[in-house]
Every structure is written in C-alpha cells, then in structure tokens.
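Single-letter residue listing:
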Amino acid sequence: MTRPSTEPDDVTQRLRDGMARGVLSFPLTSFRDDGGLDLEAYRAYLTAQLASAPGAVFPACGTGEFSALDEDEYRSVVAATVDAADGRLPVVAGIGYGWAQARRFARIAEEAGADALLVLPHYLVAAPQDGLVAQLSRIAEGTRLPLIAYQRGPVTFTADGLRRIAAIPTVIGLKDGHSDLDRLQRLTLAAPEGFLFFNGAATAEIQARAYATVGVPAYSSAVHAFAPEIGCAFFTALRTGDDAAVDRLLRDFYVPLVELRDRVPGYAVSLIKAAARLRGLPVGPVRAPLTDPAPDDLAELAKVLDDGLALVGAVRRTA
C-alpha cells in the first residue's frame, strides 16, 4: 500500500487522531534465552499488541530496550513494526545518544519506513537550554522525519527552551517524564497551537487524571505491553468520565503494580516483560544491565496481574 505522508503537519494530525482514540503502545522487544534478537517472536507479539487498536506504536523506545539494540537489530525491529502497522497507525521509532549517533538511528528508521521519531534523553551529562536546543536542531538537520522530544532524566526544558525547539520546523511534540505539573503547565501555555504533548511518566495511568488537568490527556501505557485489556479499559473509563472504574483500577491494580515496580531499579521494564511472559507472550528475557524479577517478586506480580485481569473480565493466558 502507499505509505502515509511523513510531512510534519500530516503526522501531527495522524498522531492527534490516534491519541484521541486509544493508548500509545510501546512494545517490548523479543529476545531469545541466549540474548539474541528473536524477530519472529517479536512479529507474533506485535500482532497481538496491534489487535487492540492502539492510537500509535512506538518501537525500540525505553520499554523496547532501545539502548540494548545494535543498529542492525534496530533496523529489523522498526521495519517489522512498519510492516505490521501497514499504514493503519503511526509508527514512531526511538532514537537517542548524542546527536551524531541519533542521526544514524534516524536514517535507519527513515529507511525502514517510520513515520516519526521519539528523541530519547541523551546519555549521562546534564546540559543547558542552548545545548538541548542545539541537540534537537542537529538531529533535525539529519532527517526529514518529524521529531518528538522526550524530557526525562537529564533533559528538562524551560518555557523559553520549549518555544525554541517548537520553532524547529520538524519538532512536533514533547513527551514528559518528569511529572512536574507546575513546569508542564508553563510549557503547554508557551507552546504554539497544535504542538503535541503526552504523559510519559512511568506507569502513566497513575497520573493520567492529573496530567489531563494541565491539558495533557494523552499518555503512553507500559501496561498495554502485557495487558491491553486493562490498558484499554482504563483508557475508556478515563475518557468517558467513569471515575468509579478509574478508581477501582488504580486502587486494585495500578497502585500494587507500581509499589512492586519501585522495589528494584530497572523493574519499570523487566517487570513489564515478566508480566508479558506470564501471559504466554513471546518476549523472552531482558538484556543486561537489566535483570529479570526475583522469584518472590514474580509470584507477587502474578497475583497483581490476575487481580487486574479479573477487574476487566479477562484471564491471564493468551497463548
């Protein structure tokens, strides 16, 4: 089929439409037990993910262990995602590191057919606003694809910095992972009309109502990576104003999940992957430096998962 336009305005509209109708999917990357990429397993897993009609799909990002992929593996993952999406929804690939390496990944994603790029926080060092703006400017010079900035870790934009990156023609949005709503409100007010924002906090549903109050209703969902039934039920309850259902899902599933997630560094990814394996999804283990959950934590995760699925009338096994 003819690929959709990757012009910034067209991609922005497709993303806006998708964000209004469904969660943003950040798929896991499938590895074999020996650590190698399992592309066929990833294709099978991705088919199950897309069956729940997310608003957009973001391969090879944080949940997809971008930093653990080499360039050939990255190309394979992005290309497989583009094939699976088949133009039905936007594919936004992760890129990262310094601007020179980010441009290498951007070229690969562009060749693989991605619609846009999520610029993950750069490596290690803190930087002033001039440097953050220059980083995005240099990346933009190396690709025609629209860019979404991700502020988290060492990346934090001021209102002036936001205005400056929004003036770069291909920068179309910002994902926020800091959860500083005072700062975020200032950014949304400083942004030009039509600039995209979405909630990228870890387990974003916990803060979804709060983000919506400052004009950021869209969010990424790690839960969707292993339990799209729960992720979609929460999205529907939130968008229809069913506060009782939102509270029930938060209290009886999301809060216990977050309390377990916070016990060990890296559980924000490895716990998600373990939950997917509990459902029979072919995602395999995490790659070092992440570690798979300890047996006691895995047993607790199984209970949290079963409780959450019961809330939406689903069962654990999908395969």
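The paragraphs below set out a description of the structure included in this document. (Residues numbered from 1 in each chain as written. Predicted model: local features only at pLDDT ≥ 70, side-chain atom pairs only at ≥ 80, totals over all residues. Heavy atoms only, no water.)

1. Section: the side chain of aspartate 297
Spelled out, the test is: Helix and strand definitions follow DSSP, with helices as H or I runs of at least four residues and strands as E runs of at least two, each counted in order from the N terminus. The term polar contact refers here to a pair of N or O atoms within 3.5 Å; inside protein, the definition further demands a hydrogen-donor-capable atom paired with an acceptor-capable atom, and it admits residues adjacent in sequence only when both atoms are side-chain atoms. Contacts are assigned to residue pairs with any non-hydrogen atoms lying within 4.5 Å of each other.
Along the chain, the position of aspartate 297 falls in helix H12 (residues 295–311). Here the side chain of aspartate 297 touches tyrosine 267 through a polar contact of 2.8 Å, side chain to side chain. Those residues within four positions of aspartate 297 in sequence are excluded, and the remaining contacts are Leu260, Arg263, Val264 and Tyr267.

2. Concerning a nonpolar patch on the surface
Put simply, the rule reads: Residues qualify for a patch when their relative accessible area is over 30% and they have no salt bridge, like charges being joined within 9 Å and the nonpolar side chains of Val, Leu, Ile, Met, Phe, Trp and Tyr within 5 Å. Only the protein chains shown count as cover for residues, and all accessible areas are computed by the Shrake-Rupley method using a 1.4 Å probe. Only one rule defines a salt bridge in this text: a Lys or Arg side-chain nitrogen within 4 Å of an Asp or Glu carboxyl oxygen.
A grouping of Tyr123, Leu124 and Val125 is seen on the molecular surface, where their side chains present a nonpolar patch of about 370 Å² in accessible area. Relative to the helices and strands, leucine 124 resides in the loop between strand S4 (116–119) and helix H5 (129–141).

3. Remarks on the nonpolar core
Going by this rule: Residues belong to a common nonpolar core when they are buried Ala, Val, Leu, Ile, Met, Phe, Trp, Tyr or Cys residues joined through side-chain atoms within 4.5 Å. Think of it in three bands: with a 1.4 Å probe and only protein chains considered, a residue is buried below 20% of the maximum accessible area for its type, exposed above 50%, and partly exposed in between.
Counting 110 residues, the largest nonpolar core has Phe58, Tyr74 and Phe226 as the members making the most contacts within it. Looking at this core, the element that brings in the most residues is helix H10 (residues 243–261), giving 8 residues.

4. Regarding the pattern of salt bridges
For the structure shown, the criterion picks out 23 salt bridges. Close ionic contact of arginine 103 with glutamate 141 constitutes a salt bridge, the shortest N to O distance being 3.9 Å. Remark: glutamate 141 occurs in helix H5 and arginine 103 occurs in helix H4 (residues 99–112); sequence separation between them is 38 residues. Between aspartate 182 and arginine 186 there is a salt bridge, with its nearest N and O atoms 2.7 Å apart. Placement of the pair is aspartate 182 and arginine 186 together in helix H7 (residues 181–190), with a separation of 4 residues, close to one helical turn. When salt bridges that share partners are traced, they join Arg103, Arg138 and Glu141 into one network.

5. Here we look at the pairing of S4
Note the cut-off: The pairing criterion for strands is at least two bridges between them, as found by DSSP. A clockwise path from the first strand over the helix to the second, with the strands pointing away from the viewer, defines a right-handed crossover.
Residues of S4 alternate between two faces, with Ala116 and Leu118 on one and Leu117 and Val119 on the opposite face, all of them buried. Relative to S4, strand S3 (residues 92–95) runs parallel, the two sharing 4 bridges. Within the sheet, the bridge partner assigned to isoleucine 95 lies in S4 and is valine 119. Chirality of the crossover, the property in question, places the unit of S3, H4 and S4 among those that are right-handed. Bridge count for S4 against strand S5 (residues 147–151) is 3 bridges, and the pairing is parallel. Across the sheet, the residue bridging to valine 119 is alanine 149, located in S5. Handedness of the S4-H5-S5 crossover: right-handed.

6. Details of the packing of helix H9 (residues 228–240) against H10
Think of two packed helices as two axes; the pair is described by the angle between the axes and how far apart they sit. To keep it simple, the criterion reads: Think of each axis as a best-fit line through the C-alpha atoms, taken over the contacting stretch in the case of a helix, with angles from 0 to 180 degrees between the N-to-C directions.
Two elements in contact, H9 and H10, have axes separated by 9 Å at closest approach and are oriented at 145°. Residues Ile230, Gly231, Ala233, Phe234, Ala237 and Leu238 of H9 form the contact with H10, whose own contacting residues are Ala245, Val246, Leu249, Leu250, Phe253 and Tyr254.

7. Here we look at the sheet that holds S5
Read from one edge to the other, the open sheet built from 5 strands follows the order S3-S4-S5-S6-S7, with strand pairing classed as parallel. The outermost strands of the open sheet, each flanked by one partner alone, are S3 and strand S7 (196–199). In this sheet, adjacent strand axes meet at a mean angle of 25° when their direction is disregarded. Pairing of S5 with strand S6 (residues 171–176) involves 5 bridges; the strand directions are parallel. The residue of S6 that forms the bridge with alanine 149 is leucine 174. With respect to the sheet, H7 is in contact with S5, S6 and S7, its orientation differing from that of S7 by roughly 160°.

8. A closer look at the sheet that holds strand S8 (residues 220–221)
Judged by pairing direction, the sheet is parallel, and its 3 strands sit side by side in the order S2-S1-S8 without closing on themselves. Unpaired on one side and paired on the other, strand S2 (56–57) and S8 mark the two borders of the sheet. In terms of strand pairing, strand S1 (residues 24–25) meets S2 through 2 bridges, oriented parallel. By the bridge assignment for S2, leucine 24 is matched with alanine 56.

9. Focus on H12
Where we set the bar: By this rule the span expected of a helix is its residue count minus one, scaled by 1.5 Å.
Given a rise of 1.5 Å per residue, 17 residues ought to cover 24 Å, and the 25 Å separating the end C-alpha atoms of H12 matches this to within 8%. Buried residues of H12: Asp297, Leu301, Ala302, Val304, Leu305, Gly308 and Leu309, and no others. Turning to H12, the residues buried within the fold contact H9, H10 and helix H11 (267–278). Remark: glycine 313 follows H12 within two positions and exhibits a positive phi of approximately 75°.

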